[in-house]
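So you can see what is in the structure, the chains are spelled out below.
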Amino acid sequence: MATITASPPRVGLPGLLKRPAVRKLLFLALAAAILVPLANARWASGTWPSALTVDFSEPLAKASDWIIDNRDSHPLFLYFLGHVSNVVVIAVRAVYLTLLAIGWAGVTALGALVAWRVAGVRLALGTGTAFLACGLLGMWVPTMQTLALMVVAVVASVVVGLLLGLAAGLSDRMDRVLRPVLDTMQVLPAFAYLLPVVLIFGIGVPAAVLATVIYAAPPMARLTSLGLRGADKEVLEAVQSLGSTARQRLLTARLPLARKELLLGVNQTIMMALSMAVIAAVIGAGGLGDRVYQALASVDVGAALAAGIPIVLLAVVLDRVTGAAGERIGAEPEPRRGLGWLLALAGVVAVAVAGRLAGRLDWPDSWVVGIAEPVNRVVDWMTAHLYSGVPVIGGTADWAGHFTTWVLDPMRDGLQGLPWWSVLLIVAALAWVIGTWRTALTAVLAMAAIGALGVWKPSLDTLSQVLAAVVVTLVVGFATGIAAARSDRLERLLRPVLDVFQTMPQFVYLIPVVALFGVGRAPAVAAAIVYALPAVVRITTQGLRQVDPAALEASGSLGATSWQQLRQVQLPLARPALLLAVNQGLVLVLAVVVIGGLVGGGALGYDVVFGLAQGDLATGLVAGAAIVCLGLMLDRVTQPTERRVKKGA
Amino acid sequence: MDTTPVFSVEGLWKVFGPKADRVPGDPELTALDPAELRERTGCTAAVRDVSFDVRKGEVFVVMGLSGSGKSTLVRCLTRLIEPTAGTIAIDGEDVRAMDRSRLRELRRHRAAMVFQHFGLLPHRTVIDNVAYGLEIQGMGKAERRERAAEVVAKVGLEGMEHRRPGQLSGGQRQRVGLARALAVDPEVLLFDEPFSALDPLIRREMQDEVVRLHHEEGRTMVFITHDLQEALKLGDRIALMRDGRVVQLGTPEEIVGSPADDYVREFVRDVPREQVMTVRTAMRRPTADQDGSGPAVRPEATVSEAIEAVARAGAPARVMDKGRCVGVVDSDTLLGVVAGTEQPAPPGTEQPKEAV
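From a predicted model like this one, the values you see are computed outputs, not experimental measurements.

Asks: I'm lost on the overall build of chain A in this one. Help?
Replies: Looking only at helices and strands, chain A has 30 helices and zero strands in total. The globule rule puts the C-alpha radius of gyration for 649 residues at 26 Å, and the 27 Å found for chain A is close to it. Its C-alpha atoms give chain A principal-axis dimensions of about 90 × 65 × 65 Å. Sorting the 649 residues of chain A into buried and exposed places 49% on the buried side. A separation threshold of at least 6 residues defines the contact pool for chain A, and within that pool the share at least 24 residues apart is 81%. When the accessible area of chain A is evaluated, it comes to approximately 30,700 Å², of which 67% is carbon and sulfur surface. With 47 positive and 35 negative side-chain charges, chain A shows a separation of 9 Å between the mean positions of the two kinds.

Written out as structure tokens, the structure is:
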């Protein structure tokens, strides 16, 4: 009988060996026992051996010089990249001038009326208010600059994404080629994209637009492909059974069936484009991002906030309006839709013409409310009173200092003090136990590439900041997520907050942390925590709430306490979601930690900024490559096995 | 009368898997049962050497349990699934030899299909869903809407023209699916388990609808189902499938009355025989003395109808065909059919006299 052979497993070596995790670790230990002494004998222990690094700076500098020298003469630039660059400049300029020509009143009316048609009256009011607020803050012109760049970048991203998505959605072969590329692009920090485009296009609007397109097109492509592939098979079969041609199938069935995903793709593309358009200030995007960048460079929190608020407003408005458009799908179509749009158009024209006749195209200076001064006074007061010396709790700067000396420094020194091979071993062990040998191999290779690039030390510095931030994020995020999953009231309270926080571009998070903690590594980590927290909370809550209610009911019927339910049912069943939360937490934290290079975060992020500022592209490119490797490594280490298991199941 | 079958299927195979082509031609492989075949070649034979004709104007039912290959079979008819071997002819024209445009022509005008989960376009209104097949054909908007409106009325959906599929009940959605197929005025209607996703009461209602439509229009239908009751109710002839093969092909009465093997016998065991078997099978030759007395029944009448007649009259009934007495049924013969103790010979052959 089966029950006899399956007697309670004895806890011993054979029993342990049966667990795959233990077997994998044993195998690694064996491999290490052979390889490590060899490596130690050949190259010294400690930091990454110089014999194993490849110096890229010289060839990169040469390539950069060659491009700069040939930008005006080489056919590749003359006949292709030059045209691309010109088209981008002209398009952005055209949109910008159009926006200025419509005037502030016209643009506000346009935004509000489009929002009204797409999303209803409430969002229309919100949109109008947001535009007016941009004007009031004295940021009308930078807002229009950012908007112009965004419009061009979003249109280009949507077109590129749609084409790639169509290719991947309709052809299995293209899908196999594109999917891993798009998946990987999704996890890379925005900062890593800046330098390659600068290398080719130089600093300026074309580089900024292209970086934005590269960053924002993948979600559109992914979602388009997903939508096309997710279509109801039977509907497609029915359409085919009626004798449709492939073209008819695409236009009348496949694309309409994928509308939800397509609109979600547009929404995500817009949000990512805004995020990148702001960061691209570092490579000459101008507009709001540039104002924030300049203000942060001189630690002028007031000015940064004045430019940051419009960014947040734009983000929230764009997200809500496009999101609402997606939700309306499938609802009963309104009668006389055309009339509504006509009305809206007439309204915009009327307002624009009125503004022109009144000679009030530019936002009147007298209407600007300068918030920089008062804000800076508040910040000064905070610096004087909250930074340090607050009785009992200390001050914010003290906290930052303590965090740096007690957490960040030991972690960095610890990581950098580890023998290089042990870092590789740890990465391999983690990735293999959580994922498969493939993910482990990719992670180890990525980590080794960092060493080979010669940026082992700054990378481990960045890694220490990432790890510190992730630990805090996960502790706070899991706790909040579990609480929100157990209490509907807390979830209702949290939801709008999370919604707003998740739509804000990464760059904006730097402003408040600089106000609170000054500059340095601690503020960079703080910004990363705040940025990653909403996603972690949300994934945790959703994961716990999606646990099969039947399982919960069953355990409840057996008399389990709610703590037992949480520990024995909910958490184990939500394991994939929790792992996803860890994965997302790492990816998001890394993205902001490297941007923290702008506020004294040092390490790889600073190398990128330095490379851009000094025109030393080689340094920046190497740092960018290291960021890519780091992102790849962190993603693969926490990649759940599920993506691969499908075949067996 | 034209006697060319609407569909003529000969030696049809559909094998899924790597190098599927080699299976039908290899006698060694075709002899294997499904599990062995999968083990040997990694292939699954969904349809195995199936042959049948669908006659003009009949309802031809293909029935079998899930996995028996019936849905694959019906998709092979219009090459929604490409057959591996064998021949299919529609009105004598080879379907497998058709090029793309000819095949589209077939799908557009000659055979329309109704699907289990309806396959409606969720973003279109009822009327536009119904008109979709006509739109595919390139018909102008006004004309196709007009045609669609007629069909919508025919399936009893007046007043719902401008709803979306999401706002309809399951039965109403399938009416839309049916209307879409009817709108193109096809020669044959193909039904792929159209009612199995519906509640029992709605299902019966829809079956009646199909019976009514068939009665009114006399359109040829190929109907796939896993429901024996449905098959017996709708089918003029039934092909019973198991593991990709047709194990028996015949009228409902033949299937119930003389099952080809134990599998079919087990299948039809619970069927109320008196509602399927006809008097023609139950009757015995008239003896001279009974000629001219007792109630008269038609040869196509079911046994249960005859039972009622015999019970009312208290005497054996005469089976009258075109004014001529062809046989007699009495309570013993009828009871024998109900009990299943007697094995009636297939219709057409004479009933042995000594049978009870």
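Moving on from the model shown.
Asks: Looking at this structure, I do not really get the overall build of chain B. What am I missing?
Replies: Scanning chain B for helices and strands turns up 16 helices and 13 strands. Summarising its shape, the C-alpha atoms of chain B cover approximately 70 × 60 × 40 Å along the three principal directions. Split into buried and exposed, the 356 residues of chain B put 53% on the buried side. Counting only carbon and sulfur atoms, one obtains 48% of the accessible surface of chain B, whose full area is about 16,100 Å². Across chain B, the centroid of the 49 positively charged side chains sits 5 Å from that of the 56 negatively charged ones.

Asks: What am I meant to see in a negative patch on the surface here?
Replies: A grouping of Asp33, Glu36, Glu39 and Asp243 of chain B is seen on the molecular surface, where their side chains present a negatively charged patch. By secondary structure assignment, the location of Asp33 of chain B is in the loop between helix H2 (27-30) and helix H3 (34-41).

Asks: Quick question: what am I supposed to make of the layout of surface pockets here?
Replies: A water-sized probe, rolled over the atoms, reveals where empty space remains. Residues and elements named next belong to chain A. Quantified by volume, the second largest pocket comes out at close to 700 Å³. Forming the boundary of the second largest pocket are 23 residues, of which Val114, Leu147, Val151, Ile270 and Leu318 lie nearest the centre. Contributions of two or more residues to the lining of the second largest pocket are made by helix H5 (75-119), helix H6 (121-136), helix H7 (140-170), helix H13 (259-279) and helix H15 (301-328). No other element matches H5, which puts seven residues into the lining of the second largest pocket. Looking at the lining of the second largest pocket, its residues break down into 20 nonpolar, three polar and no charged.

Asks: Whenever I open this one, the packing of aromatic side chains confuses me. Can you help?
Replies: Aromatic ring pairs: the centre-centre distance and the angle between the two ring planes describe each pair. All names here are of chain A. Per the counting criterion, the structure on display carries ten aromatic pairs over all chains. Here the aromatic rings of Tyr193 and Tyr215 are separated by 5.7 Å at their centres, their planes lie at 65°, and the arrangement is edge-to-face. Separated by 22 residues along the polypeptide, Tyr193 in helix H9 (residues 191-201) and Tyr215 in helix H10 (residues 205-229) bring together distant segments of the chain. Considered together, Tyr193 and Tyr215 belong to a single accessibility category, that of buried residues. Taken together, the ring pairs connect Phe501, Tyr509 and Tyr531 into an aromatic cluster.

Asks: Help me understand the sheet that holds strand E13 (residues 324-329) of chain B in this model?
Replies: Strands in a sheet are paired, the pairing made by backbone hydrogen bonds, and the direction either parallel or antiparallel. All names here are of chain B. Strand order in the open sheet formed by three strands is E11-E12-E13, with mixed pairing between adjacent strands. Here the strands that pair on one side only, and so sit at the sheet edges, are strand E11 (296-297) and E13. Note: strand E12 (residues 317-321) against E13, five bridges, orientation antiparallel. Among the inter-strand pairings, Ala317 is bridged to a residue of E13, identified as Val329.

Asks: Teacher, can you tell me more about the interface of chain A and chain B here?
Replies: By a widespread convention, an interface's size corresponds to the accessible area lost as its parts come together. If you look at the interface, chain A gives 20 residues, while chain B gives 25 residues. Taken as a group, Glu234, Ser241 and Leu242 of chain A account for 32% of the area that chain A buries against chain B, more than any other trio of residues on that side. Applying the counting rule to chain A against chain B returns one salt bridge. With a closest N to O distance of 2.4 Å, Glu237 of chain A and Arg75 of chain B form a salt bridge. Summed over the shared surface of chain A and chain B, the number is eight residue pairs in polar contact (both at pLDDT 80 or more). Of all elements in the fold, only helix H11 (233-241) and helix H12 (246-257) of chain A reach the threshold of two or more residues within the side of chain A that touches chain B.

Asks: Whenever I open this one, unusual backbone geometry confuses me. Can you help?
Replies: Residues other than glycine predominantly adopt negative phi, and peptide bonds predominantly adopt the trans conformation. Residues and elements named next belong to chain B. Despite not being glycine, Phe118 has its phi angle at roughly 75°, a positive value. Mapped onto the elements of the fold, Phe118 is located in the loop between strand E6 (111-114) and helix H6 (126-130). Take Phe118: its relative accessible area is 10%, and that puts it in the buried class. Of note, the phi angle at Glu193 is positive, near 40°, even though the residue is not glycine.

Asks: Explanation requested: helix H16 (residues 337-357) of chain A in the structure shown.
Replies: Every α-helix winds through 3.6 residues per turn, so residues three or four apart in the chain are directed the same way. Residue and element names in this part refer to chain A. Look at H16: 31 Å from first C-alpha to last across 21 residues, which is about the 30 Å you get at 1.5 Å a residue. Among the residues of H16, those classed as buried are Gly340, Ala344, Val348, Ala352 and Gly355. Projected onto a plane normal to the axis of H16, the buried residues spread over an arc of 105° and lie on a single side. In H16, the exposed positions that point more than 90 degrees away from the buried face belong to Leu342, Leu343, Arg356 and Leu357. Phi turns positive, to about 70°, at Gly359, one or two residues after H16.

Asks: Explain the pattern of salt bridges to me, please; I cannot follow it from the model alone.
Replies: For side chains of opposite charge, pairing can occur when their charged atoms come near one another. This model, assessed by the stated rule, comprises 36 salt bridges over all chains. One salt-bridge network, in which partners are shared between bridges, spans Arg175, Glu205, Glu209, Arg212 and Glu216 of chain B.

Asks: When you look at the pairing of strand E3 (residues 59-64) of chain B in this model, what are you seeing that I'm missing?
Replies: It is a general feature of regular strands that their side chains alternate between the two faces of the sheet. Residues and elements named next belong to chain B. The element E3 is largely enclosed, with a buried count of six among its six residues. Here E3 shows no split at all, with Val59, Val61 and Met63 on one side and Phe60, Val62 and Gly64 on the other all buried. Direction of pairing for E3 relative to strand E8 (residues 220-225): parallel, over a ladder of five bridges. Directly across from Phe60, in E8, lies its bridge partner Val222. Bridge count for E3 against strand E9 (residues 237-242) is five bridges, and the pairing is parallel. Bridge pairing in E9 places Val61 opposite Ile238.

Asks: Looking at this structure, how should I read the packing of helix H14 (residues 287-297) of chain A against H15 of chain A?
Replies: Geometry of a packed helix pair, given as the angle between the helix axes and the separation of the axes. Residues and elements named next belong to chain A. Packing of H14 against H15 brings their axes to within 8 Å, and their N-to-C directions diverge by 150°. It follows from the interaxial angle that H14 and H15 lie roughly antiparallel. As H14 packs across H15, the resulting crossing turns out to be left-handed. Packed against H14, whose contacting residues are Leu288, Gly289, Arg291, Val292, Ala295 and Leu296, the element H15 presents Ala303, Ala304, Ala307, Gly308, Pro310, Ile311 and Leu314 at the interface. In the contact of H14 with H15, the residues fall into ten nonpolar, two polar and one charged.

Asks: Could you clarify how one ought to interpret the sheet that holds strand E1 (residues 7-16) of chain B in this entry?
Replies: Residues and elements named next belong to chain B. Strand order in the open sheet made by the four strands is E2-E1-E4-E5, with antiparallel pairing throughout. Each having just a single partner strand, strand E2 (44-54) and strand E5 (93-94) make up the two edges of the open sheet. Where strand E4 (residues 85-90) and E5 come together, two bridges link them in antiparallel fashion. In the sheet register, Ile90 faces E5, and the bridge partner there is Glu93. Lying over the sheet, helix H4 (residues 70-77) contacts E1, E2 and E4, oriented at roughly 120° with respect to E1.

Asks: When you look at the confidence of the model for chain B in this model, what are you seeing that I'm missing?
Replies: Caution is warranted with low-pLDDT regions, since their predicted coordinates should not be read in detail. All names here are of chain B. When pLDDT is averaged along chain B, the result is 85, and 94% of the positions lie at 70 or above. Helix H14 (residues 279-282) is the least confidently modelled element of chain B, averaging 80 in pLDDT, while E8 averages 93, the highest of any element. Predicted confidence is poor over residues 344-356, with pLDDT under 50, and the contacts of this stretch with residues over four places away or in other chains come to 14 contacts. Interface predicted TM-score (ipTM) for the complex: 0.81; the corresponding pTM is 0.80.

Asks: Looking at this structure, I do not really get the packing of helix H19 (residues 420-434) of chain A against helix H20 (residues 437-452) of chain A. What am I missing?
Replies: Residue and element names in this part refer to chain A. For the pair H19 and H20, interaxial distance at closest approach is 8 Å and the crossing angle is 155°. By the angle between their axes, H19 is roughly antiparallel relative to H20. As for how H19 packs across H20, the hand of that crossing is right-handed. Residue-level contacts link Val423, Leu424, Val427, Ala428, Ala431 and Trp432 of H19 to Trp437, Thr439, Ala440, Ala443, Val444, Met447 and Ala448 of H20.

Asks: I keep staring at the nonpolar core and nothing clicks. Help me out?
Replies: Nonpolar side chains tend toward joint burial in soluble globular proteins. Membership of the largest hydrophobic core comes to 159 residues, with the highest contact counts inside it found for Phe191, Ile283, Met447 and Met633 of chain A. Setting aside its immediate chain neighbours within four residues, Met633 of chain A contacts Val427, Ala443, Ala446, Met447 and Leu463 of chain A. Met63, Ile127, Val130 and Leu334 of chain B belong to the second largest nonpolar core, which has 65 residues in total.

Criteria and cut-off values
- Residues numbered from 1 in each chain as written.
- Chains lettered and ligands numbered in written order.
- Predicted model: local features only at pLDDT ≥ 70, side-chain atom pairs only at ≥ 80, totals over all residues.
- Heavy atoms only, no water.
- Helix = DSSP H or I, 4+ residues; strand = E, 2+ residues; numbered from the N terminus.
- Rg over C-alpha atoms; globule rule 2.2 N^0.38 Å.
- Buried < 20%, exposed > 50% of the residue type's maximum accessible area, 1.4 Å probe, protein only.
- Contact = heavy atoms within 4.5 Å.
- Areas by Shrake-Rupley, 256 points an atom, 1.4 Å probe, with all protein chains shown as cover.
- Lys, Arg positive; Asp, Glu negative; His and termini not counted.
- Charge placed at Lys NZ, Arg CZ, Asp CG, Glu CD.
- Patch = residues over 30% accessible without salt bridge, like charges linked within 9 Å, V, L, I, M, F, W, Y side chains within 5 Å.
- Salt bridge = Lys/Arg side-chain N within 4 Å of Asp/Glu carboxyl O.
- 1 Å grid on protein atoms, 1.4 Å probe; cavity = no way out; pocket = protein on both sides within 12 Å on 5 of 7 lines; lining within 4 Å.
- Points joined across faces, edges and corners; volume = space filled by probe spheres on them.
- Nonpolar A, V, L, I, M, F, W, Y, C, P; charged D, E, K, R; others polar.
- Phe/Tyr/Trp six-rings, centres within 6.5 Å; stacked < 30°, edge-to-face > 60°.
- Pairing = 2+ DSSP bridges.
- Buried area = accessible area lost by both parts, 1.4 Å probe.
- Polar contact = N/O pair within 3.5 Å; in protein donor to acceptor, adjacent residues only side chain to side chain.
- Expected span 1.5 Å × (residues − 1).
- Arc of directions from axis to C-beta.
- Axes fitted to C-alpha atoms, helices over the stretch in contact; angles between N-to-C directions.
- Parallel < 35°, antiparallel > 145°, perpendicular 65-115°, else oblique.
- Left-handed = near helix turned anticlockwise from the far one by under 90°.
- pLDDT = per-residue confidence, 0-100.
- Core = buried A, V, L, I, M, F, W, Y, C linked by side-chain atoms within 4.5 Å.

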